[in-house]
Amino acid sequence: MRVMQAVVIQHPLAQCHLAAIRAAATPSHQFRRHLNLLARMLFLEATRELTLQETTVQTPVAETKGAILARPMVFVPILRAGLGMLDGILPLMPDATVAHVGIKRDEGTALPQPYYANLPANLASAEVFLLDPMLATGGSACEGVRQLKAAGARKITMICVVTCPEGLAAMEKAHPDVPVYTAAIDQGLNERCYIVPGLGDAGDRYFGTC
């Protein structure tokens, strides 16, 4: 299902993993497992239309045609919660480049505060995937995309687990060329700018620091 620039993955298994990580009773080790698997499913959908390049493969029996990706791949988790999504996705593309951006939210103003970036030189020629479980106000995501574009990225896709109308509106306004793949569009933000119903603080739940 498409909403604005968002693609909502409604596969039954994806929705089961989402329900598990929403549940407050889910312990960290199970939260990690379900988030990893859900991130993998979202990534598979987000890469469905990647461009391929034909190659030749020698099997044990005969030569045949095969395919490789036409462009290199770069994963960019937003620290620290995005690392949980990276853990699920990287085994599918172990030769991908992993970059990092550190952006924290000022709890008083809900504005993004960038504090770290380590980006590769090949962004302009790569398929770039920005990873963050939550797209709430959109501040961190918009800032992350801004940094990637400033460093040369031309083809960026955002993958998140849960988003809301406010976050999507912010992304639509700032970066209408960046598609968002998600498992749910929730009803909105509360007074603390947390997604409702959401799943709480994904970083704290993933790393067991809540």
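Residues numbered from 1 in each chain as written. Predicted model: local features only at pLDDT ≥ 70, side-chain atom pairs only at ≥ 80, totals over all residues. Heavy atoms only, no water.

Structural notes on the pairing of strand β3 (residues 52-58)
Part 1: With zero of its seven residues buried, β3 lies for the most part at the surface.
Part 2: Examined bridge by bridge, β3 and strand β4 (residues 63-69) share seven bridges and lie antiparallel to one another. Paired with Leu 52 across the two strands is Leu 69, which belongs to β4.
Part 3: In sequence, β3 turns back onto β4 through a hairpin of four residues. (Buried < 20%, exposed > 50% of the residue type's maximum accessible area, 1.4 Å probe, protein only. Helix = DSSP H or I, 4+ residues; strand = E, 2+ residues; numbered from the N terminus. Pairing = 2+ DSSP bridges.)

Brief notes about the sheet that holds strand β14 (residues 184-185)
Part 1: Strand order in the open sheet made by the three strands is β10-β12-β14, with parallel pairing throughout. Sheet topology places β10 (134-135) and β14 at the edges, where each strand pairs with a single neighbour.
Part 2: Bridge count between strand β12 (residues 162-163) and β14: two bridges; the pairing is parallel. Paired with Thr 163 across the bridge in β14 is Ile 185.

Concerning unusual backbone geometry
Part 1: With an omega of 0°, the peptide bond running from Leu 79 to Arg 80 counts as cis.
Part 2: Assignment of secondary structure puts Arg 80 in the loop between β5 (73-79) and α3 (82-89).
Part 3: At Cys 193, a residue that is not glycine, the phi angle is positive and equals roughly 65°.
Part 4: Within the secondary structure layout, Cys 193 lies in the loop between β15 (188-189) and β16 (195-196).
Part 5: You can call Cys 193 partly exposed: its relative accessible area is 22%.

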